[in-house]
Structure formats: C-alpha cells, structure tokens
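Letter by letter, the chains look like this.
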Amino acid sequence: MIKVYVIYPNNPGGTFDMDYYLTKHMPMVGERLKPALKGMTVDNGISGGQPGTEAAYRVIATLLFDSVEAFQNAFIPHAAEIQGDIPRYTNISPTIQISEVKM
C-alpha cells in the first residue's frame, strides 16, 4: 500500500477555496482515479505544535493506492485535467510525496 500526499504549504498570501476543493475538485479526482484509488482524506491545518502558532501546511490530501504503478496508471491519463483544476481553488503550488505504508 502507498500513500500519495498532496501538500499545500501555509504560505503568506496563499488562498485556498476549501468549499470548491471538497465539493468539486476532490470528487472529480476520486472519479478519475477509480477503481485504483482505495481511499482519500483531506486535512485542513488549524494550528502548529505550539499554542498560538500557525499550521505549517494549509491542506494535506492523502490518496491510497495498492502500488506506485497503480497510482501512475490511474493518474497519468488524467494528469492535465486534475492539475489544470488547481488554479480554480488555490494560488499555492502543492508538493507531492509518495510514501510506502509500513504500519
């Protein structure tokens, strides 16, 4: 099992339309990546580790797949559409990380 993290830093001046992301973008992603997509979550950063500090990341989306190959085979045919939708909800450039689930 692998997790694909789509991480949006909490940049000064960054904007993020969570309503659009949850009601339009993520449902579209889920539809395009099925049946390879096994699950997904969206985390909205609310605080840093110390009281009164800002979260380092505005949003972290996690997508679950059986393997890197399963992710690539599902994502590549729809990459332009999925990535082209980003400006509709944010001016933040996301970072992508793929991790192997160990536990």
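A.B. asks: Mind showing me how you'd approach the packing of aromatic side chains here?
C.D. replies: For any two aromatic rings, the description comes down to two numbers: the centre-to-centre distance and the angle of the planes. Within this structure, the stated rule accounts for nine aromatic pairs. Relative to Tyr89, the ring of Tyr21 has its centre 4.9 Å away and its plane inclined at 55°; by these criteria the two rings are tilted. With a gap of 68 residues between them, Tyr21 in helix H1 (residues 18-33) and Tyr89 in the loop between helix H3 (79-84) and strand E4 (95-100) connect regions that are remote in the sequence. Here Tyr21 and Tyr89 have matching classes, each one buried. Pairing Phe71 with Phe75 gives two aromatic rings, centres 5.3 Å apart and planes at 20°, and the pair type is stacked. Pair noted here: Phe71 and Phe75 are both in helix H2 (residues 68-75), with a separation of four residues, about one helical turn. Note on accessibility: Phe71 and Phe75 belong to one class, buried.

A.B. asks: How should I be thinking about H2 in this particular structure?
C.D. replies: One turn of an α-helix holds 3.6 residues; hence residues three or four places apart share an orientation. Every buried residue of H2 is listed here: Phe71, Ala74 and Phe75. Down the axis of H2, the smallest arc covering the buried residues is 90°, so these residues share one side. Tucked inside the fold, the buried residues of H2 contact strand E1 (2-9), H1, strand E3 (57-65), H3 and E4.

Here is what the cut-offs are and how they apply
Per chain, the residues get numbers from 1 upward, laid out in the order the sequence is written. Restriction of local features to residues with pLDDT of at least 70 applies here, the model being predicted, together with a cutoff of 80 or more for giving and counting side-chain atom pairs; totals for whole chains, interfaces and linings are based on all residues. Only heavy atoms go into the side-chain values, all of them from the structure, while hydrogens and water stay out. When two rings of Phe, Tyr or Trp (its six-membered ring) have centres within 6.5 Å they constitute a pair, described as stacked for plane angles under 30 degrees, edge-to-face for angles over 60, and tilted for the intermediate range. By definition, any uninterrupted DSSP run of H or I lasting at least four residues is a helix, any uninterrupted run of E lasting at least two residues is a strand, and each is numbered from the N terminus. Throughout, exposure labels follow a simple rule: accessible area from a 1.4 Å probe, protein chains only, divided by the maximum for the residue type, with under 20% read as buried, over 50% as exposed, and the rest as partly exposed. Note that the arc is defined by the directions from the helix axis to the C-beta atoms. Contact between two residues is taken to exist if any of their heavy atoms lie within 4.5 Å; hydrogens are not considered.

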